[in-house]
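# Examination of the molecular architecture
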Amino acid sequence: MLITGKELLDVAHANNFAVPAFNISDWAMFTGIMDISEEKEAPLILGIHPDEVDHVGRDMIAGVVERAHRSSVPIAIHWDHGASYEQILTAIQFGFTSVMIDGSMLPFEENTAISKRVAETAHAVGLSVEAELGTIGATDGEAEEGAEAIIYTDPDDAVTFVQQTGVDSLAVAIGTYHGIYPANLKPELKLDLLKEIKNRVRIPLVLHGGSNNPDDEIAEAARIGINKINISSDIKVAYHNKMREVLADTKLREPLTIQPPCIEAMKVVAAQKIDLFGTAGKAALY
């Protein structure tokens, strides 16, 4: 059931739901996300950022690919926020089935050029490509890189960008930040802007920085045009908060004792996201 991101998202696009892209950075998190996705019969995108690839190493990626082939639900393995053409070549070599090239911090013409180059290369070997237009904010040093201020995606630019690059999906800036929102920052999505972009580009759209947004906004975004939602901070907070609680017992030392309750805490959050995005049970559509 290992497929490309395009195969996965085209079904979501046709049926008005969003596939969660859960970012993982160790084997225990990976197996927990796989388990809950299979339990919920939900298609899955497994997001792995280049920094996370460096952390877990190529051998673990090989294990992820092998496990994905045995999955009972459709899964794509996605290189998240690729920063260069060379990184995309590494993703191809490692066995990823979907890649993102993030040129959102570049001038429009440069973003278009690198995204087109990546799309041509990835499509030649059967992979799908996500790009980003507009900028997404970052809330703290632990979050993925983002801009100091959001630059909302312009619908006219989105049409031109998709036509010129041939990308399979587009991450749009409609009011989100990477990371967990501080108390003084109120999350708010521009849903009217989302509708306009969706009506004009008519390809799967992606929401980055989906952690910590109000559930009603996220559910509506999935219903009207977002087909992939990145979730990283929310599941990692649940996982590590539980780990801190467990490790309060200083006598514990074995991972097989420490990690299972942390995985279960993460799975509760992941299950809620799967339900919220309308993904539960949608594996039957593939």
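The following refers to the structure shown. A quick note: this is a predicted structure, and the numbers were derived from the prediction, not measured. (Residues numbered from 1 in each chain as written. Predicted model: local features only at pLDDT ≥ 70, side-chain atom pairs only at ≥ 80, totals over all residues. Heavy atoms only, no water.)

## Remarks on the packing of helix α5 (residues 85–94) against helix α6 (residues 108–124)
For any two helices packed against each other, one specifies the inter-axial angle together with the distance between the axes. Applicable threshold: Interaxial angle, 0 to 180 degrees, is taken between N-to-C directions of lines fitted to C-alpha atoms, where a helix line uses only the stretch in contact. Secondary structure is summarised from DSSP: a helix means a run of H or I of at least four residues, a strand means a run of E of at least two, and numbering begins at the N terminus for each. An angle below 35 degrees is treated as roughly parallel, one above 145 as roughly antiparallel, one from 65 to 115 as roughly perpendicular, and anything else as oblique. If you view the pair so one helix is near and one far, a crossing is left-handed when the near helix is turned anticlockwise from the far one by less than a right angle, and right-handed when it is turned clockwise. The contact criterion used throughout is that any non-hydrogen atoms of two residues lie within 4.5 Å. Put simply, Ala, Val, Leu, Ile, Met, Phe, Trp, Tyr, Cys and Pro go in the nonpolar bin, Asp, Glu, Lys and Arg in the charged bin, and everything else, Gly too, in the polar bin.
In contact at an axis separation of 10 Å, α5 and α6 are set at 20° when each is read in the N-to-C sense. Viewed along their axes, α5 and α6 adopt a mutual orientation that is roughly parallel. As α5 runs across α6, the sense of the crossing is right-handed. When α5 is examined against α6, the residues Tyr 85, Ile 88, Leu 89 and Ile 92 are found in contact with a partner set consisting of Ile 114, Arg 117, Val 118 and Thr 121. Its residues placed into classes, the contact of α5 with α6 shows six nonpolar, one polar and one charged.

## Points about a nonpolar patch on the surface
Heads up, the condition is: Patch definition: residues above 30% relative accessible area lacking any salt bridge, with like charges linked at up to 9 Å and the nonpolar side chains Val, Leu, Ile, Met, Phe, Trp and Tyr linked at up to 5 Å. For the area figures, the Shrake-Rupley method with a 1.4 Å probe applies, and any residue is considered shielded solely by the protein chains shown. When a carboxyl oxygen of Asp or Glu is within 4 Å of a side-chain nitrogen of Lys or Arg, the pair counts as a salt bridge. The rule is simple: take the accessible area with a 1.4 Å probe, protein chains only, and divide by the maximum for that residue type; under 20% is buried, over 50% is exposed, in between is partly exposed.
Together, Met 1, Leu 285 and Tyr 286 line one region of the surface with nonpolar side chains, adding up to about 250 Å² of accessible area. Relative to the assigned elements, Leu 285 resides in the segment after α11 (255–276). For Leu 285, a relative accessible area of 42% corresponds to the partly exposed category.

## Description of the side chain of Lys 236
Along the chain, Lys 236 turns up in helix α10 (residues 233–246). Residue classification places Lys 236 among the buried positions, given a relative accessible area of 19%. Residues contacting Lys 236, with those up to four places away along its chain left out, are Asn 23, Ser 25, Met 29 and Glu 52.

## A look at the pairing of strand β2 (residues 44–48)
To be explicit about the condition: Here, strands pair whenever DSSP counts at least two bridges between them. Orient the strands so they point away from the viewer; a crossover is then right-handed if the path from the first strand over the helix to the second runs clockwise.
The element β2 is largely enclosed, with a buried count of five among its five residues. Where burial is concerned, the two faces of β2 agree: the one with Leu 44, Leu 46 and Ile 48 and the one with Ile 45 and Gly 47 are both buried. By the bridge criterion, three bridges tie strand β1 (residues 19–23) to β2 in an arrangement that is parallel. Paired with Asn 23 across the two strands is Gly 47, which belongs to β2. At this point the chain moves from β1, through helix α2 (residues 27–39), to the parallel β2, and the crossover so formed is right-handed.

## Quick word on the nonpolar core
Note the following rule: Throughout this description, the term nonpolar core refers to a set of buried Ala, Val, Leu, Ile, Met, Phe, Trp, Tyr and Cys residues connected via side-chain atoms within 4.5 Å.
Residues Ile 33, Phe 96, Val 99 and Leu 170 are the most contacted members of the largest nonpolar core, which totals 75 residues. Among the elements that line this core, the one with the most residues is α11, at eight residues. Ranked by size, the runner-up nonpolar core spans 10 residues in total, among them Ile 3, Val 11, Phe 17 and Ala 76.

## Concerning α6
Helical periodicity: at 3.6 residues per turn, an α-helix aligns residues three or four positions apart in one direction. In plain terms, the rule: A helix's residues, less one, multiplied by 1.5 Å, set its expected span.
With 17 residues, α6 extends 24 Å between its outermost C-alpha atoms, agreeing within 8% with the 24 Å of an ideal straight helix rising 1.5 Å per residue. Buried within α6 we find Asn 111, Thr 112, Ser 115, Val 118, Ala 119, Thr 121 and Ala 122. Against α5, β4 (98–101), β5 (128–133) and α7 (155–165) lie the buried residues of α6. At the exit of α6 stands Gly 126, carrying a positive phi of roughly 85°.

## Things to note about the sheet that holds β5
Taken in spatial order, the eight strands line up as β1-β2-β3-β4-β5-β7-β9-β10 and close into a barrel, and their pairing is parallel. Averaged over all pairs of adjacent strands, the angle between their axes in this sheet comes to 25°, without regard to strand direction. Bridge count between β2 and strand β3 (residues 75–82): five bridges; the pairing is parallel. Among the inter-strand pairings, Ile 48 is bridged to a residue of β3, identified as Trp 79. Against the sheet, α6 touches β4 and β5, its axis set at about 170° to β5.

## Some words on the pattern of salt bridges
Two side chains that carry opposite charge are able to pair once their charged atoms sit near each other. Enumeration over the complete set of coordinates arrives at 15 salt bridges. In this structure, Lys 273 engages Asp 234 in a salt bridge whose closest nitrogen and oxygen atoms are separated by 2.9 Å. Of this pair, Lys 273 sits in helix α11 while Asp 234 is found in helix α10, placing the two residues 39 residues apart along the sequence. Across this residue pair, the class does not change: Lys 273 and Asp 234 are buried. The structure contains a network of salt bridges with shared partners spanning Glu 39, Glu 264 and Lys 267.

## Observations regarding the pairing of strand β7 (residues 169–172)
Burial of the side chains of β7 extends over both faces: Ser 169 and Ala 171 are buried on one face and Leu 170 and Val 172 on the other. Two strands pair when backbone bridges link them, and β5 and β7 are joined in this way by four bridges, in the parallel orientation. Note that in β7 the partner of Ala 131 across the bridge is Leu 170. With two bridges connecting them, β7 and strand β9 (residues 205–207) associate as parallel partners. Bridging from a neighbouring strand, Leu 170 pairs with Leu 205 of β9.

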